[in-house]
Amino acid sequence: MDTNGRLVAGSHNRNEFVLINADEIGRVTSVKELSGQICQICGDEIEFSADGEPFVACNECAFPICRPCYEYERREGNQSCPQCKTRFKRIKGSPRVDGDEDEDEFDDLDNEFDYNNGNERRDPHQIAESTHSTRGNIGRTSSGITNSSDMDAAAVNSEIPLLTYGQEDDTISADKHALIIPPFMSRGKRVHPMPFNDSSMTLPPRPMDPKKDLAVYGYGTVAWKERMEEWKKKQNNKLQVVKHQGEELDDPDLPKMDEGRQPLSRKLPISSSKINPYRMVIILRMVILGLFFHYRILHPVKDAYGLWLTSIICEIWFAVSWIFDQFPKWSPIERETYLDRLSLRYEKEGKPSELASVDVFVSTVDPLKEPPLITANTVLSILAADYPIDKVACYVSDDGAAMLTFEALSETSEFARKWVPFCKKFSIEPRAPEWYFAEKVDYLRDKVEPTFVRERRAMKREYEEFKVRINGLVAMAQKVPEEGWTMQDGTPWPGNNVRDHPGMIQVFLGQNGVKDIEGNELPHLIYVSREKRPGFDHHKKAGAMNSLIRVSAVISNAPYILNVDCDHYINNSKALREAMCFLMDPQAGKKICYVQFPQRFDGIDRHDRYSNRNVVFFDINMKGLDGIQGPIYVGTGCVFRRQALYGYDAPKKTKPPGKTCNCWPNWCCCFGSRKKTKSKKSKDANNKKKIKSREASTQIHALENIEEGIEGIDSEKSTLMPQIKFEKKFGQSPVFIASALLEEGGVPRGASSASLLKEAIHVISCGYEDKTEWGKEVGWIYGSVTEDILTGFKMHCHGWRSVYCIPKRPAFKGSAPINLSDRLHQVLRWALGSVEILLSRHCPIWYGYGCGLKPLERFSYINSVVYPLTSLPLLAYCTLPAVCLLTGKFIVPEISNYASLLFMGLFISIAATSILEMQWGKVGIDDLWRNEQFWVIGGVSSHFFALVQGLLKVLAGVSTNFTVTSKAADDGEFSELYLFKWTSLLIPPMTLMIINIIGVVVGISDAISNGYETWGPLFGRLFFAIWVIVHLYPFLKGFMGKQNRLPTIIIVWSILLASIFSLLWVRINPFLARGGIVLEVCGLDCN
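These numbers were taken from a predicted model, which means no experiment stands behind them.

## With respect to the overall build of the chain
Consideration 1: Looking only at helices and strands, the chain features 32 helices and 17 strands.
Consideration 2: Evaluated residue by residue, the chain yields a buried proportion of 48% over its 1087 residues.
Consideration 3: In the chain, once contacts between residues fewer than 6 apart in sequence are set aside, the share between residues at least 24 apart is 76%.

And the structure:
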């Protein structure tokens, strides 16, 4: 799309369309290249039928095989496709072989059977070769039908040895031997035997026992074996050349080498030595839990019945939550990708890359809270990714319509012309300049170019100047002019009113004439700001992402979509290739809806005080989900299949029909007759034909309406019904509907830039989604601020599966809010979204039954929406220790030996489960402990407030807005870690901390006052209270802020020990005698 570098703004509803300062609009046409297919076995071109269609041997994967190879594989080979291993079906004109099933699609009695009556013998190879030779192949024999009567019955030359399995056998007479004749090979590439007629070398008729294997007679064993070994040797030699010398051979056999035919990825199950003990401990823990609750329920505390009942309810809920969290981790797996096989299959020297195109979505809202410099680094890392340039298009969604974001993106596009060639020339990592130049590593490692140091210094200077320009734009944007912002040519900025502005589109890179400093093309970079008007619900981030889906479908329409937040840059330049190893796999890729990468973060303190890395979730829980139906979508770092986002069901794998047998009588009720099976198959075939014809007619009608621009006419309602159906689902954009029908992507042919621009403005208008299925069944799903969980859940309900990819080098890295208040607000937003899903119709507890969602996958989704409810029992349970210490009561009666064993067994099983999870998940104990601590902190603060706000929003209609968390700090390393921001979220954990500390002090003082016999019952209460205090310790550390001199732990222990020693001092009272006060008789007479 060529806009001559100008901004496009407009509103479809108001019939406005403005191309600011545009001289002309070019016309862009897409040309479809047609080329013949090559047989991947022999290297010859595949013939075409009389209808002009290429010959297709395998109906499952359409693997390119010519007819002679197909015939030979059916007659002499394993009768299955080399790629998908599906058994070949008989095609019209081919003879029947053993194992063929009854087919009612065509009548082919002339070719169905081979008649070996000695008078007329038809060789299918000769027929296929004769047909194939009519297409003008040079060096091919075109022999017709060969009759056995034409052969000379003379004896075979005695000088030719008679071989069986490569050995000459003198014990077998000549008339019983099988003679193997070297086959004729055209152009030296054919690997199946061809008919070779030579009058001087004739074959005698040979009687064979049909019950014996052909190999017994020597047929197909010597020549085929020798030629296959020679072919494999040649392929291995070629592969070694490709691997070690880096050369690409222009050979049709190259894609079918062993390396190219193997899968692009594989599963790596956890070793049995690790996973089997883990499963045994889980089962053992279940048994111990059952015995534990049996004891707790049957032994109430009569003098503290309320405390006992509260603790029982809380413990039961904790056990249920643990079950929902634990069982989805039953079968964890890891995955491994093969990037070299991906390149071998889809990239060849001198030919265009066959890798699929990818549209990358970057979303941002407020440039003052999401710094433009971070967004610019994310965009630069995308543009410099190790992927074909013409296959990448980056769309930046500015949902705040900020001119600061627009100007920063303009500066970024200019800097990209220098940065992208530098990255690709020297293969640097990462390709976000801020993080590349900040790395404290030896940047000269593995660098051999003598100009690298000079160019790196020059590029660093260019980037520093670029940062200064961005900082200048940020400083200028702090004060908005009264008349609003104006562009450089004096045109008012269309987005001056954030809540009322037209849609805007700007193509920065990818248009004609814009190249890098070395003259190479650059990926597309497109700025998009959707239209906003008062009175419309814009659905926040989910609505912005759906707008990007539509506008990208009109402009580039890549079959795959990468979604990243503005603060998540590409840390591994091969991340897109990693995803393509799954999505473009010809066998397993068709059912994958998205590939999720783990989130990794920069700028977090070494101890990860508030568990920002969330390692336990990304390295343990997500691996477990990958072994079921796939990980959940976490909102960023995810590559989608576009067709899955359109709400389509996953392709269903059709099971091969069962084999029939006609040896059973008609009256047999167990197996039935062949006649019934045949009639049933014919009905199924007719039904399938009707469905296929109906689907084809639907798409044809829709495409005809799109091309002709037909409006509804009453007399043609039946013809326009498919178009109306598509409009109800996707909206009233014929260009978008046409692109939605293209499964492999691509822009409809013949579309002009003017029409595409108008359609792009149309699909981002604020009223486009009215009365459609956008946000309900199509695109990102509305109804929750955590649209990611809901969107992934709907895809899994449609039968799709997802994949979790963990490359050795992290694919994406981002920045996280390291400040306590910002971290709690982030967790609050996540929990609020889960509550909204819990109270909606899409709740996984009751939604999606009878579809493709697996039970354990449903368990994980239920756990992801009910976890905020844990805040209520967690608050109560953390309050119980203080109440027990203040009242002298306890939730457990006097512990017997049996009860002691149960408690010890429960604690040991919990510890064993954690240790084994750390072992197979490769997680450190500090990460596990930080996750446990913040689970308590977030549970008693953010989760509780989210539950209250969610109930108010659903029941009372009181809406709440979440705060966008800050993304980075520039005032020193970890400066925001110690920044204190007051928020109401801090009240519950602070209260729990105070009352538990008071409870500890009161309990110890009471034990000191009452003597040593009270210390025994005190230990249980003290352990309970200290458990709470230790879990809330990071909160206390963040609350007290940065202490320049004294560490926080010293202050805490000082207060605690001072209180204890003060009480001891009062109890001991050293100034009084041990025997007490001595009383003497007063000598005065008071009377």
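## Observations concerning helix H28 (residues 942–956)
Consideration 1: Compared with an ideal rise of 1.5 Å per residue, which puts 15 residues at 21 Å, H28 spans 20 Å between its outermost C-alpha atoms and is within 8% of the ideal.
Consideration 2: Along H28, the positions that sit buried rather than exposed are Ser-942, His-943, Ala-946, Leu-947 and Gly-950. The buried residues of H28 occupy an angular sector of 130° when the element is viewed end-on, so they sit on one face. Exposed residues on H28 whose side chains face more than 90 degrees from its buried face are Leu-955 and Ala-956.
Consideration 3: For H28, the elements touching its buried residues are helix H23 (820–838), helix H25 (871–887) and helix H27 (925–940).
Consideration 4: Of the residues one or two after H28, Gly-957 is the one with positive phi, at around 75°.

## Some remarks on the confidence of the model for the chain
Consideration 1: For the chain, per-residue confidence averages 75 on the pLDDT scale, and 68% of positions sit at 70 or higher.
Consideration 2: Confidence over residues 22–35 falls short of pLDDT 50; this stretch has 19 contacts with residues more than four positions distant or in other chains.
Consideration 3: Long-range and interchain partners of residues 1070–1074, a stretch whose pLDDT sits below 50, account for 2 contacts in this model, where long-range means more than four residues apart.

## Notes on the packing of helix H11 (residues 403–426) against helix H13 (residues 452–476)
Consideration 1: Closest axis-to-axis distance for the H11/H13 pair is 10 Å, and the angle between their directions is 175°. Taken together, H11 and H13 sit at an angle that is classed as roughly antiparallel. Along the contact surface, H11 presents Leu-404, Glu-407, Ala-408, Glu-411, Thr-412, Phe-415, Lys-418, Trp-419, Phe-422, Lys-425 and Phe-426, while H13 presents Phe-452, Glu-455, Arg-456, Met-459, Glu-462, Tyr-463, Phe-466, Arg-469, Ile-470, Leu-473 and Val-474.
Consideration 2: When the residues that make up the contact of H11 with H13 are grouped by side-chain class, the tally is 13 nonpolar, 1 polar and 8 charged.

## Let's talk about unusual backbone geometry
Consideration 1: Of note, the bond from Glu-429 into Pro-430 is cis; its omega dihedral lies within 30 degrees of zero at -10°.
Consideration 2: Within the fold, Pro-430 resides in the loop between H11 and helix H12 (433–438).
Consideration 3: At Ser-611, a position not held by glycine, the phi torsion is positive, near 55°.
Consideration 4: Among the secondary structure elements, Ser-611 is positioned in the loop between strand E14 (600–602) and helix H16 (615–626).
Consideration 5: The buried category is assigned to Ser-611, whose relative accessible area is 5%.
Consideration 6: Although it is not a glycine, Lys-771 sits at a positive phi angle of roughly 60°.
Consideration 7: A residue is classified by how much of its surface remains accessible, and Lys-771, at 81% relative accessible area, is exposed.

## Observations regarding the environment of Val-362
Consideration 1: For Val-362, the location among the structural elements is in strand E7 (residues 358–364).
Consideration 2: Val-362 gets classed as buried once you look at its relative accessible area, which sits at 0%.
Consideration 3: Residues Val-362 and Tyr-569 lie 207 residues apart in sequence; the distance between their C-alpha atoms is 9.9 Å.
Consideration 4: Those residues within four positions of Val-362 in sequence are excluded, and the remaining contacts are Thr-378, Ile-382, Cys-394, Tyr-395, Val-396, Ser-397, Leu-548, Val-564, Asp-565 and Cys-566.

## Considering the side chain of Arg-600
Consideration 1: With respect to the helices and strands, the residue Arg-600 is situated in strand E14.
Consideration 2: There is a polar contact of 2.9 Å between the side chain of Arg-600 and the side chain of Asp-619.
Consideration 3: When sequence neighbours within four positions are dropped, the list of residues in contact with Arg-600 reads Phe-618, Asp-619, Ile-806, Pro-810, Phe-812, Lys-813 and Gly-814.

## A closer look at the pattern of salt bridges
Pairs can form between side chains of opposite charge whenever their charged atoms are close.
Consideration 1: The full count for this structure, using the stated rule, is 31 salt bridges.
Consideration 2: A salt bridge links Arg-335 to Asp-626; the shortest N-O distance between them is 2.8 Å. Placement of the pair is Arg-335 in strand E6 (residues 333–337) and Asp-626 in helix H16, with a sequence separation of 291 residues. Per residue, the accessibility class of Arg-335 equals that of Asp-626, and both read buried.
Consideration 3: Here Asp-626 and Arg-801 are joined by a salt bridge, their closest N and O atoms 3.3 Å apart. Note that Asp-626 is positioned in helix H16 and Arg-801 in strand E16 (residues 801–804), a separation of 175 residues in sequence.
Consideration 4: Residue Asp-626 is classed as buried on the basis of its relative accessible area, which comes to 2%.
Consideration 5: Via salt bridges that share partners, Glu-347, Asp-386, Lys-574 and Arg-577 belong to a single interconnected network.

## Structural notes on the packing of aromatic side chains
Consideration 1: Scanning all chains against the criterion turns up 48 aromatic pairs.
Consideration 2: Arranged with centres 6.1 Å apart and planes meeting at 15°, the rings of Phe-327 and Trp-330 form a pair that is stacked.
Consideration 3: Ring pairing ties together the aromatic residues Phe-415, Trp-419, Phe-422, Phe-426, Tyr-436, Phe-437, Phe-452, Tyr-463 and Phe-466, which thus form one cluster.
Consideration 4: When the ring centre of Trp-774 is taken as reference, the NZ or CZ atom of Arg-550 above it lies at 4.8 Å.
Consideration 5: The ring of Tyr-849 has Arg-858 sitting right over it, with the charged end atom 3.8 Å from the ring centre.

## Topic: the pairing of E16
Consideration 1: Here E16 shows a buried face lined by Arg-801 and Val-803 and a second buried face lined by Ser-802 and Tyr-804.
Consideration 2: As defined by bridge partners, strand E13 (residues 592–596) adjoins E16 across 4 bridges and the pair is classed as parallel. Each residue of the ladder has a partner; that of Val-595, found in E16, is Val-803.

## Quick word on the sheet that holds E14
Consideration 1: Here we have 3 strands laid out as an open sheet, ordered E12-E17-E14, and mixed in their pairing. The open sheet has two edge strands, strand E12 (568–570) and E14, and neither has a second partner. Strand after strand, the sheet turns through a mean of 40° between neighbouring axes, direction not considered.
Consideration 2: In this sheet, strand E17 (residues 812–815) lies alongside E14 in parallel orientation, the contact comprising 3 bridges. Considered in E17, the bridge of Phe-601 is made with Gly-814.
Consideration 3: Against the sheet, helix H10 (residues 372–383) contacts E12 and E17, and its axis sits at roughly 25° relative to E12.

## Side note on the nonpolar core
Consideration 1: Of all hydrophobic cores here, the largest spans 75 residues; its most connected members are Trp-419, Leu-525, Leu-562, Met-580 and Val-595.
Consideration 2: The element best represented in this core is H11, accounting for 12 residues.
Consideration 3: Residue contacts for Val-595: discarding those within four places in its chain leaves Ala-579, Phe-582, Leu-583, Gly-637, Cys-638, Val-639, Val-803 and Cys-805.
Consideration 4: By size, the runner-up hydrophobic cluster in this structure holds 67 residues, among which are Leu-548, Phe-736, Val-763 and Leu-853.

## Digging into a nonpolar patch on the surface
Consideration 1: Taken together, the side chains of Ile-283, Val-287, Leu-291 and Tyr-898 make up a nonpolar region of the molecular surface, amounting to roughly 370 Å² of accessible area.
Consideration 2: Considering each element in turn, the nonpolar patch owes the most residues, 3 residues, to helix H7 (residues 272–298).
Consideration 3: Along the polypeptide, Val-287 turns up in helix H7.

## Points about the packing of helix H14 (residues 540–555) against helix H21 (residues 753–763)
Consideration 1: Closest axis-to-axis distance for the H14/H21 pair is 9 Å, and the angle between their directions is 170°. Relative to H21, the element H14 lies roughly antiparallel. Taking contact as the criterion, the partners of Arg-550, Val-551 and Val-554 in H14 are, on H21, Leu-756, Glu-759, Ala-760 and Val-763.
Consideration 2: The residue inventory of the contact of H14 with H21, partitioned by class, reads 5 nonpolar, no polar and 2 charged.

## Re the state of the cysteines
Consideration 1: If you walk through the whole model with that rule in mind, you get 0 disulfides.
Consideration 2: With no disulfide of its own, Cys-638 lies closest to Cys-593 among cysteine sulfurs, the gap being 7.7 Å.

## Points about a positive patch on the surface
Consideration 1: Taken together, Lys-267, Lys-591, Lys-653 and Lys-854 make up a surface patch of like positive charges.
Consideration 2: Mapped onto the secondary structure, Lys-267 falls in strand E5 (residues 265–269).

## Some points on H27
Consideration 1: When the terminal C-alpha atoms of H27 are compared, their 23 Å separation across 16 residues agrees well with the 22 Å that a helix rising 1.5 Å per residue should span.
Consideration 2: All buried positions along H27 are accounted for by Leu-928, Gln-933, Phe-934, Val-936, Ile-937, Gly-938, Gly-939 and Val-940.

Conventions adopted
Residues numbered from 1 in each chain as written. Predicted model: local features only at pLDDT ≥ 70, side-chain atom pairs only at ≥ 80, totals over all residues. Heavy atoms only, no water. Helix = DSSP H or I, 4+ residues; strand = E, 2+ residues; numbered from the N terminus. Buried < 20%, exposed > 50% of the residue type's maximum accessible area, 1.4 Å probe, protein only. Contact = heavy atoms within 4.5 Å. Expected span 1.5 Å × (residues − 1). Arc of directions from axis to C-beta. pLDDT = per-residue confidence, 0-100. Axes fitted to C-alpha atoms, helices over the stretch in contact; angles between N-to-C directions. Parallel < 35°, antiparallel > 145°, perpendicular 65-115°, else oblique. Nonpolar A, V, L, I, M, F, W, Y, C, P; charged D, E, K, R; others polar. Polar contact = N/O pair within 3.5 Å; in protein donor to acceptor, adjacent residues only side chain to side chain. Salt bridge = Lys/Arg side-chain N within 4 Å of Asp/Glu carboxyl O. Phe/Tyr/Trp six-rings, centres within 6.5 Å; stacked < 30°, edge-to-face > 60°. Lys NZ or Arg CZ within 6 Å of the ring centre and 35° of its normal. Pairing = 2+ DSSP bridges. Core = buried A, V, L, I, M, F, W, Y, C linked by side-chain atoms within 4.5 Å. Patch = residues over 30% accessible without salt bridge, like charges linked within 9 Å, V, L, I, M, F, W, Y side chains within 5 Å. Areas by Shrake-Rupley, 256 points an atom, 1.4 Å probe, with all protein chains shown as cover. Disulfide = S-S within 2.5 Å. Lys, Arg positive; Asp, Glu negative; His and termini not counted. Charge placed at Lys NZ, Arg CZ, Asp CG, Glu CD.

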